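# A look at the structure
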Amino acid sequence: MILDFSIVDVFAEQKYQGNQLAVFEHANGLTDEQMLHIAREIGFQESTFVVSDEALDGAYDVKIFTPEYEVPFAGHPTLGTAFVLMKEAETQISLNLKVGKIPVNVENKTLWLETTNPVFGENFSSDLAQLLGILPEDIDETLPIQLVSTGLPYIIVPVKTMRAIQEVRIEDLPIKEWLAENKLYKTNSPDGLTTAFFIFTEETHASVNHIHARMFCLENDRIVEDAATGSANACLLAYLLKYELPMIHKYVEQGYEMNRPSLIGIRGEVNNEGNYKLQVGGKVQLVAQGKWFV
């Protein structure tokens with residue numbers, strides 16, 4: 001088999017920023033094992049495989065793989081895949097992912113996805129700061145440390161300052177043990193639901209932005225940082241709607257500590273019935289296209 005593939009940078013104002021993604025088209029002849037092997041060969045946080053050549057019931061079937069396993073949802077793979085599949089005049093497209101149908105719209109060269117309703121989990125104490133290599137007083141205790149999911153679970157951690165977020169240092173074994181003790185870590189998880197950490201502050205590098213964030217997750221039993229995380233930002237948006245304002249439109253900067261500056265738009269609202277509208281957006285840059293020999 002020969003597959004068409006594209007490499008794109010997502011949540012990137014320019015090439016070589018944001019989060020990298022490989023998109024493989026016409027992949028309906030591949031097994032899951034083959035997709036996993038290709039994702040490992042690429043080595044990005046995620047790769048996507050379009051397994052329907054045409055939109056079925058208004059949406060393309062897409063699988064998302066990390067180098068370890070298939071995941072039910074991820075933000076930058078959704079936007080990047082939509083960008084590759086969109087025809088020039090199209091302004092709307094939908095993808096069928098494991099979590100369901102995800103619509104993506106284009107507004108002024110920015111792609112926006114809409115996620116499912118959030119699930120709010122347990123709260124944690126500021127003692128968690130020690131695991132992150134910062135002090136308990138660095139935690140912003142006006143907001144909770146809480147588990148939130150819109151398809152993938154994240155522990156949202158508010159900190160007071162840019163200094164604190166830059167000083168975060170996470171060691172593999174203590175975090176793995178803590179996650180296991182709290183039943184938030186699954187060994188060789190087949191569903192990609194091992195919990196990650198999303199740490200944010202309202203101090204920013206760029207004055208036009210509103211939030212600075214970092215994301216850390218376990219990959220191959222080691223902690224890695226992600227340059228731009230759509231699913232985590234969807235959880236952050238739900239969290240802010242719950243605890244700050246019932247309507248929000250903000251911009252989040254991420255990836256600065258990795259020399260991959262990223263810009264993620266978050267906008268949404270929650271009504272009196274507790275129904276959330278969550279949208280995450282950003283620009284996508286085409287980096288490369290080619291043929292992949294299976």
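Notes on the structure follow. Source: prediction; values computed, not measured. (Residues numbered from 1 in each chain as written. Predicted model: local features only at pLDDT ≥ 70, side-chain atom pairs only at ≥ 80, totals over all residues. Heavy atoms only, no water.)

This part is about the nonpolar core. Core analysis: the largest hydrophobic core is formed by 57 residues, its most contacted members being Tyr154, Ile156, Phe200 and Leu236. With nine residues, helix H6 (residues 230–243) is the single largest residue contributor to this core. Those residues in contact with isoleucine 156 that sit more than four places away from it in its chain are Pro144, Ile145, Gln146, Val148, Phe198, Phe200, Ala232, Cys235, Leu236 and Tyr239. Counting residues in hydrophobic clusters, the runner-up holds 27 residues, among them Leu128, Val159, Ile199 and Leu218. (Core = buried A, V, L, I, M, F, W, Y, C linked by side-chain atoms within 4.5 Å. Buried < 20%, exposed > 50% of the residue type's maximum accessible area, 1.4 Å probe, protein only. Helix = DSSP H or I, 4+ residues; strand = E, 2+ residues; numbered from the N terminus. Contact = heavy atoms within 4.5 Å.)

With that settled, the discussion passes to the pattern of salt bridges. Within the structure shown, the criterion is met by 12 salt bridges. A salt bridge links arginine 260 to aspartate 9; the shortest N-O distance between them is 3.2 Å. Of this pair, arginine 260 sits in the loop between strand E15 (247–254) and strand E16 (262–270) while aspartate 9 is found in strand E1 (residues 2–10), placing the two residues 251 residues apart along the sequence. Relative accessible area serves as the criterion here: at 15%, arginine 260 is assigned to the buried category. Ionic pairing is found between glutamate 70 and lysine 98, a salt bridge with its closest N-O pair at 3.7 Å. With glutamate 70 in strand E5 (residues 70–71) and lysine 98 in the loop between strand E6 (92–97) and strand E7 (100–107), the pair connects residues that are 28 residues apart, well separated along the chain. (Salt bridge = Lys/Arg side-chain N within 4 Å of Asp/Glu carboxyl O.)

On to H6. The terminal C-alpha atoms of H6, which comprises 14 residues, lie 20 Å apart, in line with the 20 Å expected from a rise of 1.5 Å per residue. With 12 of its 14 residues buried, H6 lies for the most part within the structure. Among the residues making up H6, those that are buried are Gly230, Ser231, Ala232, Asn233, Ala234, Cys235, Leu236, Leu237, Ala238, Tyr239, Leu240 and Leu241. (Expected span 1.5 Å × (residues − 1).)

Looking now at the packing of aromatic side chains. In total, this model carries 10 aromatic pairs according to the counting rule given. Summarising the aromatic geometry, the rings of phenylalanine 5 and tryptophan 292 are spaced 5.6 Å apart at their centres and angled 90° between planes, so their arrangement reads as edge-to-face. Of this pair, phenylalanine 5 sits in strand E1 while tryptophan 292 sits in strand E18 (residues 284–293), placing them 287 residues apart in sequence. For the ring pair tryptophan 178 and phenylalanine 197, a centre distance of 6.0 Å and an interplane angle of 45° mean the geometry is tilted. Taken together, the positions of tryptophan 178 in helix H5 (residues 172–181) and phenylalanine 197 in strand E12 (residues 196–201) put the pair 19 residues apart, joining distant regions of the chain. The same class applies to tryptophan 178 as to phenylalanine 197, namely buried. Connected via pairs of aromatic rings, a cluster forms that spans Phe5, Phe24, Phe49, Phe65 and Trp292. Positioned above the aromatic ring of phenylalanine 120 is the side chain of lysine 242, whose terminal nitrogen or guanidinium carbon lies 4.9 Å from the ring centre. When the ring centre of tryptophan 112 is taken as reference, the NZ or CZ atom of arginine 267 above it lies at 3.9 Å. (Phe/Tyr/Trp six-rings, centres within 6.5 Å; stacked < 30°, edge-to-face > 60°. Lys NZ or Arg CZ within 6 Å of the ring centre and 35° of its normal.)

Judged by how many residues are buried, strand E10 (residues 145–149) sits mostly within the fold: five of five residues are covered. Side-chain alternation along E10 places Ile145, Leu147 and Ser149 on one buried face and Gln146 and Val148 on a second face that is also buried. The sheet contact formed by E10 and strand E11 (residues 153–158) spans four bridges and is antiparallel. If you follow glutamine 146 over to E11, its bridge partner there is isoleucine 156. (Pairing = 2+ DSSP bridges.)

Going through the model one piece at a time under the given rule, you end up with one cavity of 30 Å³ or more. Here the residues of the lining of the largest cavity sort into 11 nonpolar, 10 polar and four charged. (1 Å grid on protein atoms, 1.4 Å probe; cavity = no way out; pocket = protein on both sides within 12 Å on 5 of 7 lines; lining within 4 Å. Points joined across faces, edges and corners; volume = space filled by probe spheres on them. Nonpolar A, V, L, I, M, F, W, Y, C, P; charged D, E, K, R; others polar.)

This paragraph deals with the layout of surface pockets. In this structure, the largest pocket encloses a volume near 350 Å³. Lining the largest pocket we find 14 residues, and of these Phe83, Val106, Lys109, Leu111 and Val284 sit closest to its centre. Elements represented by at least two residues in the lining of the largest pocket include exactly helix H2 (75–85) and E18. Here the lining of the largest pocket gets four residues from one element, more than from any other, and that element is E18. Along the lines of polarity and charge, the residues of the lining of the largest pocket split into seven nonpolar, two polar and five charged.

What follows is about H5. Three or more residues of H5 are buried, namely Ile175, Trp178 and Leu179. Axial view of H5: buried residues confined to an arc of 100°, hence all on one face. Turned more than 90 degrees off the buried face of H5, the exposed positions are Leu173 and Glu181. Buried residues belonging to H5 abut strand E9 (119–124), helix H3 (129–132), E11, E12, strand E13 (211–219) and strand E14 (222–226). Downstream of H5 by one or two residues, lysine 183 has phi in the positive range, about 55°. (Arc of directions from axis to C-beta.)

Once that is clear, we can look at the pairing of E14. For E14, the tally of buried residues reaches four of five residues, placing the bulk of the element in the interior. Bridge analysis of E13 against E14 gives five bridges, and the strand direction is antiparallel. Paired with cysteine 217 across the two strands is valine 224, which belongs to E14. Between E13 and E14, which pair antiparallel and follow one another directly, the connecting turn spans two residues, one of which, asparagine 220, has a positive phi of 55°.

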